Amino acid sequence: MGSNMAEAHPVGFQWVMEAKARGARVIHIDPRFTRTSALADSHVPIRAGTDIAFLGGVINYLLQNGQEFREYVTAYTNASFVVGEEFADTEDLDGLFSGYDPETASYDRRTWRFAGGAGEDPGDGSRYKEQSEALQSGSGGPSLSNVDGIERDPTLTHPRCVFQVLKRHYARYTPEMVERVCGTPRAQFLDVCQAWTANSGRERTGALVYSVGWTQHSVAAQYIRAGAIVQLLLGNIGRPGGGVYALRGHASIQGSTDIPTLFNLLPGYLPMPSAGVHPDLAAYLDDLRAECQKGFWYHADAYFVSLLKEYFGQHATAENDYGFGLLPAINGDHGTYRTVMDMIDGKVSGYFLVGQNPAVGSAHGKLQRLGMANLDWLVVRDLTMIESATFWKDGPEVETGEIVPETCRTEVFFFPAASHVEKEGTFTQTQRMLQWREKAVEPKGDQRSELSFFYHLGRKLKDRLAASADPRDEPVQKLAWDYAVDGDEPSAEDVLRRIGGVDLATGRDLSAYTELKADGSTACGCWIYCGVHADGVNQAARRKPHDEQGPYEKEWGWTWPANRRVLYNRASADLEGRPWSERKKLVWWDAGHGEWTGDDVPDFPPTLPPDHVPEPGACGADALRGDDPFIMQADGKGWLFAPNGLVDGPLPSHYEPHESPVRNALYGQQGNPTRKVYARKDNPANPAPPEAHADVFPYVLTAARLTEHHTAGGMSRQLPYLAELQPELTVEVSPELARERGLAHLGLAHVVTSRAAVEARVVVTDRMAPLRVEDRIVHQVWMPYHWGSSGLVRGDVVNDLFGVVVDPNVFIQESKVATCDVRSGPRPRGADLLRMLADLRARAGITPATGARVATAHDIVHTEAAGPEAP
Amino acid sequence: MTNRLSGPLEDVAGDAGHRDHPARVGFFTDTSVCIGCKACEVACKEWNAVPDDGFDLLGMSMDNSGMLGANTWRHVAFIEQARPLGAQQPGLDGLPTGPSGLPATDSAVARRLQGAPRGGSELGTSPLPDDAVPVDLGMPAFAADTGSRTDLRWLMASDVCKHCTHAGCLDVCPTGALFRTEFGTVVVQQDVCNGCGYCVSACPYGVIDRRPNDGRAQKCTLCYDRLGDGLEPACAKACPTQSIQFGPLDELRERADRRLAQLHGLGVGEARLYGRDPDDGVGGDGAFFLLLDEPEVYGLPPDPHVPTRDAPAMWRGAGAAAATFLLAGVAALWGTRR
């Protein structure tokens, strides 16, 4: 679901084909019939943006028919926990949970707590939302204290136990409702439910694969939650052949969240300190975990102090909180979209773009380009002169007069980058596996690796600021910048070694994160990567052929944490530590030797017996019971219900996309009541019911990739062998829509939203089919988003069609679904284009308030004052 | 004595004079697992330094290469059909869909092809003329909401030079530029080819073609240089799903037979092998295929045969004609004498 794996991940898809050859049934649930569908056993159509309704339907089917893996669910999830009396569900409040504040469009999460748990304060809901702190819970999961005090009902019959809450929450997600909301015919939906349950349980497991078709929505985090709930109910987590597979956007995107390029995270999913909230290390650590919290996150102080030691070396001492005060702190939303709007508003002066082409690849391309046109300086490091380096002279705004090359104030510095074959280092892929790449050829001319660029930038900044007495320069002065250098090039392996952790007393490379200390005696650049350089060996560079080792190929690359291939694999064994079945065995308790063993590295304290009950008052790993497989969670259990951690609700609920042609059939609340809308004149939204004039943009627009091109095209539109395979921007429509709008195969058409008009060649295909949603026919339109104004093949920027509205948990933009219209013929140019768009907005009655009534039942408009008029 | 002009031939390399040669190798392309990623096309061009073939949107589903030619040695065909594939469920049942759009798209593409100077043989090589707004001729595709689509399948298949047992191109080559390698494959030597073009018309599959800018004939070499180094051809190496399988031909044929039986067992009755049979018109192909429809659907000839198959008959005909002329001449002379 939400993945076109054959096209976007063809290399990984070989394993799906191999599984299919061995008898696995492959089901592809997607708005389009893609190359993935062509190879699947079944293709199940769905309206873009309704996956939670579908998954909620699956949950309802499981619970109504008693198809859950009862033993697993009772023991390994929080199904038996009793939710507090104050909690009110979306069923009671027409689409809102208890604790909603319409003024800030956020939740006070206190009423979501379990009965009997400690009264820990989940914090200020609106700050939580503005800083995307949900994301910062990261690998540890949100904190929870006094877990032993939580009221439980192992019979799962208590009316307020999670199992029953779940049952009521999804009771109306019937096959009929799924058909009404998703447009998926009932029979096909039930076929999926039956196939999924038939392939789960003791003897079988089912895997769920998703990609950016799930993540780029205004309710994105809850999509994944919904998938995880299904897999937990079916016992498909922590077991071989099970799991929820997040296929990442491109090479090493997993790596770029592990060691993040995000404003609110530090390596290993440790949160960035908040200004005013975390005055010192103690306050930060207190906020990070509950007092005496169960599980390995309790030891996050060791992970964090080791990170500070790696950053600041000898300048990190117990006396100065290990340099805690030298870290930057955040005080609000500094996400990429907020930053771009701040550029337009003149609040940002410089910008580094490294391997990113926002002029083409980010939602609302025009906003991106106008922002970049209002800087003092812009550094672009890329393989070729991408649109984000040339927008000031050949972007679409030059044609409309909105950017004038002669007067554009931004000074652009272009640095040629070394490609992936011209540098060494690691890729971390979706299985969390680090694989080392050798340098195949020397980079040409001035091309340099990112490592080289940032190392020398840091070195020069340190030189420049060495004599400064300004306290703000202190962090740079105290930064330990002492990586091994070979000639001019810093050693990537030395950086990896430092990421992997070092015992500072002996200089020994650490072998696991359990060796990290909070007393400053260890340094580790990313605690989850600890051990990647164990024994002085680059573990990521191991390449032992699969036929020379065991089934889990533990000597190929290195997987975090601790080289485990399957996370939470204690769940692959039953309560007594025996595999659920011989067919699906992975790790098990070896009573003879008193340890966990198996084909994978056990993800559990190695000698903790399955019947272990901790001493009262034990904390951290010592507090784990023998049947607590989810060792990072504060209660050791898989979370069906999330009392803390998510901004937009403890359970996933179906909300319509920000722009939708139809009313939410399930609740009065139309869209995600906590979504961030950035309602400004330069970020208009198409109206969605119950607002008037939604009919101006009657079709559902979705965008995705082609196999033949790479994301924003910088790596493919310049290459003749790839450019010739998909030479032009196309828009795929069904024959029915082609008739409705008079579109001819291969003819020109333009797709319009309130933001932009994009011209493309029409491809009429049976692979697109209209759906029946409620009493109307909904047409879906698809476009690949790879084109821009430079390269061998050029075209309009599809992302210009999308506005900026983001999920409140992780600030991902909703770029997989919007509404649009399609018109035959070429689009207007220059001033005519601006006039047409203004006319369209007038016809649709669009103002900044459009789409900004985040809570449908409350007449509160979440608009922003700033921002110029949309031209 | 073996028939060296057509029919089965046990040892093609030996027949060409190679002694102690390795086993004959080839490709088995199993189109039922092709995901249409076109990695084969790109890997082929990268390894063999084949130039690009023009940037034209053809409108033939996802296929923008068009056909095999001098600058395209691997070509992935994409075929959308309004019919089911084995037991696959395309999921259109019950949707408010109207009739298939295929006739409309076919006619749009066909009109462009008809308007092309070389009748479409330049597919993927130079831009085809753009079509004007379609005219509603009252064809079924333009009719109102009648009927509904319930079936759809999307076939993908990577085509390549067949490296025939009896290769027409090789037989007619006057310069010896085309030769049979020790691996049983057929390769053009660029430095020998004089660009006469006889091979182009002799190929029963329309594979070999002359490069527009220098006139020399070009086609797949089955990566002769890589074979010499013990490597598999670039396309097979790049194929992620083992749709393109490389190996000794005997082994590939066994594998193909097993796969065919498996698919038939799974209810994919339309699966068939193409070019597998040593008794066919070219003595069997070195590169053969598992197809899911008639060969014509993929742009392959249904009954290819090497021109030399007809040589004995032609020579017999020519001989008879010559004899007749001779007799007539003698008779005429004889008549004159009288």
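Each residue is numbered by its place in its chain's sequence as written, counting from 1. Following the order in which they are written, the chains are lettered starting with A and the ligands numbered starting with 1. Under the rules for a predicted model, residues below a pLDDT of 70 receive no local features and side-chain atom pairs below 80 are neither given nor counted, while totals for whole chains, interfaces and linings still include all residues.

### Topic: the overall build of chain B
At step 1: Here a strand is any run of E in DSSP of at least two residues, a helix any run of H or I of at least four, and the numbering for each starts at the N terminus. A tally of regular secondary structure across chain B gives 9 helices and 10 strands.
At step 2: Viewed in the frame of its principal axes, chain B has a C-alpha envelope of about 85 × 55 × 45 Å.
At step 3: Buried positions account for 45% of the 338 residues belonging to chain B.
At step 4: Note that contacts rest on C-beta atoms placed from the backbone: two residues are in contact if these are within 7 Å. Contacts in chain B between residues far apart in sequence, at least 24 positions, make up 69% of those at least 6 positions apart. Every C-beta atom is placed from the backbone, and the number of other C-beta atoms within 10 Å of a residue's own sets its class: buried at 20 or more, exposed at 12 or fewer, partly exposed in between.

### Brief notes about the overall build of chain A
At step 1: Helix and strand content of chain A: 26 helices and 28 strands.
At step 2: The C-alpha radius of gyration of chain A comes to 27 Å, within 12% of the 29 Å expected for a compact globule of 871 residues.
At step 3: With respect to the principal axes defined by its C-alpha atoms, chain A has extents near 75 × 70 × 55 Å.
At step 4: Residue burial in chain A is summarised as follows: out of 871 residues, 56% are buried.
At step 5: Considering only residue pairs separated by 6 or more positions, chain A has 71% of its internal contacts joining residues 24 or more positions apart. What the globule rule says is 2.2 Å times the number of residues to the power 0.38, and the radius of gyration is computed from C-alpha atoms.

### Structural notes on the domain arrangement of chain A
At step 1: What fixes the domain bounds is an automatic or database domain assignment. Domain boundaries assigned for chain A yield domain 1 (5-246), domain 2 (267-328 + 491-541), domain 3 (336-429 + 433-472) and domain 4 (655-871).
At step 2: If you average the C-alpha positions of domain 1 of chain A and of domain 2 of chain A, the two centres end up 33 Å apart.

### Regarding unusual backbone geometry
All names here are of chain A.
At step 1: Cis geometry marks the peptide bond from Trp 560 to Pro 561, where omega comes out at -10°.
At step 2: Take Pro 561: it is sitting in the loop between strand E18 (558-559) and strand E19 (587-590).
At step 3: The omega torsion across Pro 689 and Pro 690 is 5°, close enough to zero to call that bond cis.
At step 4: Mapped onto the elements of the fold, Pro 690 is located in the loop between strand E20 (595-598) and strand E21 (699-704).
At step 5: Located in the positive-phi region is Asp 94, a residue other than glycine, with phi close to 55°.
At step 6: Looking at the secondary structure, you find Asp 94 in the loop between helix H5 (70-76) and strand E3 (100-101).
At step 7: Positive phi, close to 55°, is recorded for Tyr 322, a residue that is not glycine.
At step 8: Tracing the backbone through its elements, the reader meets Tyr 322 in the loop between helix H15 (300-312) and helix H16 (336-344).
At step 9: The class for Tyr 322 is buried, based on 24 C-beta atoms found within 10 Å.

### A look at the interface of chain B and chain A
At step 1: Taken together, the contact between chain B and chain A spans 47 residues of the former and 50 residues of the latter.
At step 2: Mapped by element, the contributors of at least two residues to the side of chain B that touches chain A are helix H2 (39-48), helix H3 (102-114) and strand E3 (153-160) of chain B.
At step 3: Per element, the largest residue contribution to the side of chain B that touches chain A is 5 residues, and it comes from H2 of chain B.
At step 4: In the scheme used here, Gly and all other residues not listed as nonpolar or charged are polar, with Ala, Val, Leu, Ile, Met, Phe, Trp, Tyr, Cys and Pro taken as nonpolar and Asp, Glu, Lys and Arg as charged. The residue inventory of the side of chain B that touches chain A, partitioned by class, reads 21 nonpolar, 15 polar and 11 charged.

### A short note on the environment of Leu 85 of chain B
Residues and elements named next belong to chain B.
At step 1: Assignment of secondary structure puts Leu 85 in the loop between strand E2 (74-81) and H3.
At step 2: The exposure class of Leu 85 is buried, given the 22 C-beta atoms found within 10 Å.
At step 3: As for Leu 85 and Asp 277, which are separated by 192 residues in sequence, their C-alpha atoms are 24 Å apart.
At step 4: If near-sequence neighbours (up to four positions away) are discounted, Leu 85 is found in contact with Arg 153 and Leu 292.

### Some remarks on the domain arrangement of chain B
At step 1: For chain B, the domain assignment lists domain 1 (12-88 + 98-305) and domain 2 (311-338).
At step 2: A C-alpha centroid distance of 45 Å is found between domain 1 of chain B and domain 2 of chain B.

### Topic: the sheet that holds strand E10 (residues 287-291) of chain B
All names here are of chain B.
At step 1: In this description, strands pair whenever DSSP reports at least two bridges between them. Read from one edge to the other, the open sheet built from 4 strands follows the order E8-E1-E10-E9, with strand pairing classed as mixed. Only two strands of the sheet have a single partner each, and these edge strands are strand E8 (244-248) and strand E9 (272-274). Going from strand to strand, the sheet's axes swing by 20° on average, the running direction of each strand aside.
At step 2: As defined by bridge partners, strand E1 (residues 25-30) adjoins E10 across 4 bridges and the pair is classed as parallel. Opposite Phe 28, over in E10, you have Phe 288 as the bridge partner. Every angle, taken between N-to-C directions, lies between 0 and 180 degrees, and every axis is a line fitted to C-alpha atoms, over only the stretch in contact when it is a helix.

### Focus on the sheet that holds strand E10 (residues 377-382) of chain A
Residue and element names in this part refer to chain A.
At step 1: Judged by pairing direction, the sheet is parallel, and its 3 strands sit side by side in the order E9-E10-E11 without closing on themselves. Both outer strands of the open sheet, strand E9 (350-354) and strand E11 (411-416), are each paired with one neighbouring strand and no more. Taken over all neighbouring pairs, the strand axes of this sheet differ in orientation by 10° on average, direction set aside.
At step 2: As defined by bridge partners, E10 adjoins E11 across 6 bridges and the pair is classed as parallel. Within E11, the residue paired with Asp 382 across the bridge is Pro 416.

### Brief notes about the pairing of strand E13 (residues 433-437) of chain A
All names here are of chain A.
At step 1: Side chains Leu 434 and Trp 436 of E13 all project onto a buried face; the interleaved residues Met 433, Gln 435 and Arg 437 project onto a face where none is buried.
At step 2: For strand E12 (residues 425-428) and E13, the ladder comprises 4 bridges, and the chain directions are antiparallel. The residue of E13 that forms the bridge with Thr 428 is Leu 434.
At step 3: Linkage of E12 to E13, two consecutive antiparallel strands, is achieved through a turn of 4 residues, within which Arg 432 is found at a positive phi near 70°.
At step 4: As paired elements, E13 and E18 share 2 bridges and run antiparallel to each other. The residue of E18 that forms the bridge with Leu 434 is Trp 558.

### Details of the packing of helix H9 (residues 175-182) of chain A against helix H10 (residues 186-198) of chain A
All names here are of chain A.
At step 1: Between H9 and H10, the shortest axis-to-axis distance is 9 Å and the interhelical angle comes to 120°. By the angle between their axes, H9 is oblique relative to H10. For the crossing formed where H9 meets H10, the hand is right-handed. Residue-level inspection shows Pro 175, Glu 176, Val 178 and Glu 179 of H9 in contact with H10, the latter providing Arg 186, Phe 189 and Leu 190. Angles below 35 degrees are treated as roughly parallel, those above 145 as roughly antiparallel, those between 65 and 115 as roughly perpendicular, and all remaining angles as oblique. The crossing is said to be left-handed when, going from far helix to near helix, the turn is anticlockwise and less than a right angle, and right-handed when the turn is clockwise.

### Quick word on H10 of chain A
At step 1: Here, expected helix span is obtained from the residue count minus one, scaled by 1.5 Å. Over its 13 residues, H10 of chain A extends 18 Å from the first C-alpha to the last, a length consistent with the 18 Å expected when each residue adds 1.5 Å.
At step 2: Within H10 of chain A, burial applies to Gln 188, Phe 189, Val 192, Cys 193, Trp 196 and Thr 197 of chain A.

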